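Each chain is listed here by its residues.
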Amino acid sequence: MWQLPEGSDFKHILGISFLAGIGFTMSIFFQIFPLTSQFFINDANLDVLVSSLLAGLIDFIILRDVRRSKKRL
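Right, let's walk through the structure included here. All figures in this text were calculated on a predicted structure; none of them were measured in a lab.

1. Let's talk about the overall build of the chain
For step 1, the next point in the chain: Counting its secondary structure elements, the chain contains 3 helices and 0 strands.
For step 2, the next point in the chain: Put simply, the chain runs from its N terminus to its C terminus through helices and strands in the order α-α-α.
For step 3, the next point in the chain: Seen through its principal axes, the chain has C-alpha atoms that stretch 55 × 30 × 10 Å.
For step 4, the next point in the chain: A total of 73 residues make up the chain; the buried ones form 15% of that total.
For step 5, the next point in the chain: If you take every contact in the chain between residues at least 6 apart in sequence, the share linking residues at least 24 apart comes to 62%.

So this is what it looks like as structure tokens:
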């Protein structure tokens, strides 16, 4: 059976997965290189910015909650 490392729970795993989401959005950034239309380039840049900020914000909220719950113990 698979076990989490000592002192961690699934909120840690969830937080790290959203942190990885920031890196995943860079794949969208690399899609702009073959594009020729300025509209699509701007759209891809906006997608990268919004998705990175959203993933970072969700990650911050999750890991902040984990930290607060550890302080209560």
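2. Description of the pattern of salt bridges
For step 1, the next point in the chain: Counted under the stated rule, the structure contains 1 salt bridge.
For step 2, the next point in the chain: For Asp65, the salt bridge identified is with Lys11, shortest N-O distance 2.9 Å. Highlighted residues: Asp65 in helix α3 (residues 38-72) and Lys11 in helix α1 (residues 10-24), separated in sequence by 54 residues.

3. Examining a nonpolar patch on the surface
For step 1, the next point in the chain: A surface patch of nonpolar side chains, amounting to about 390 Å² of accessible area, comprises Leu46, Leu49, Val50 and Leu53.
For step 2, the next point in the chain: In this structure, Leu46 sits in helix α3.
For step 3, the next point in the chain: The exposure class of Leu46 is partly exposed, given its relative accessible area of 48%.

4. Thoughts on the environment of Asn45
For step 1, the next point in the chain: Mapped onto the elements, Asn45 comes out in helix α3.
For step 2, the next point in the chain: Residues Asn45 and Pro34, 11 residues apart in the sequence, show an inter-C-alpha distance of 13 Å.

5. Some details on the side chain of Asp59
For step 1, the next point in the chain: Its place among the elements puts Asp59 in helix α3.
For step 2, the next point in the chain: Despite its burial, Asp59 pairs with no opposite charge, the nearest such side chain being Arg64 at 11 Å.
For step 3, the next point in the chain: Setting aside anything within four residues of it in sequence, one finds Asp59 in contact with Gly15, Ile16, Phe18 and Leu19.

6. Observations regarding α1
For step 1, the next point in the chain: End to end, α1 covers 21 Å across 15 residues, agreeing with the expected 21 Å (1.5 Å per residue, within 8%).
For step 2, the next point in the chain: A distance of 3.2 Å separates the backbone nitrogen of Lys11 from a side-chain oxygen at the start of α1, and that oxygen is part of Asp9.

Rules used throughout
Residues numbered from 1 in each chain as written. Predicted model: local features only at pLDDT ≥ 70, side-chain atom pairs only at ≥ 80, totals over all residues. Heavy atoms only, no water. Helix = DSSP H or I, 4+ residues; strand = E, 2+ residues; numbered from the N terminus. Buried < 20%, exposed > 50% of the residue type's maximum accessible area, 1.4 Å probe, protein only. Contact = heavy atoms within 4.5 Å. Salt bridge = Lys/Arg side-chain N within 4 Å of Asp/Glu carboxyl O. Patch = residues over 30% accessible without salt bridge, like charges linked within 9 Å, V, L, I, M, F, W, Y side chains within 5 Å. Areas by Shrake-Rupley, 256 points an atom, 1.4 Å probe, with all protein chains shown as cover. Lys, Arg positive; Asp, Glu negative; His and termini not counted. Expected span 1.5 Å × (residues − 1). Polar contact = N/O pair within 3.5 Å; in protein donor to acceptor, adjacent residues only side chain to side chain.

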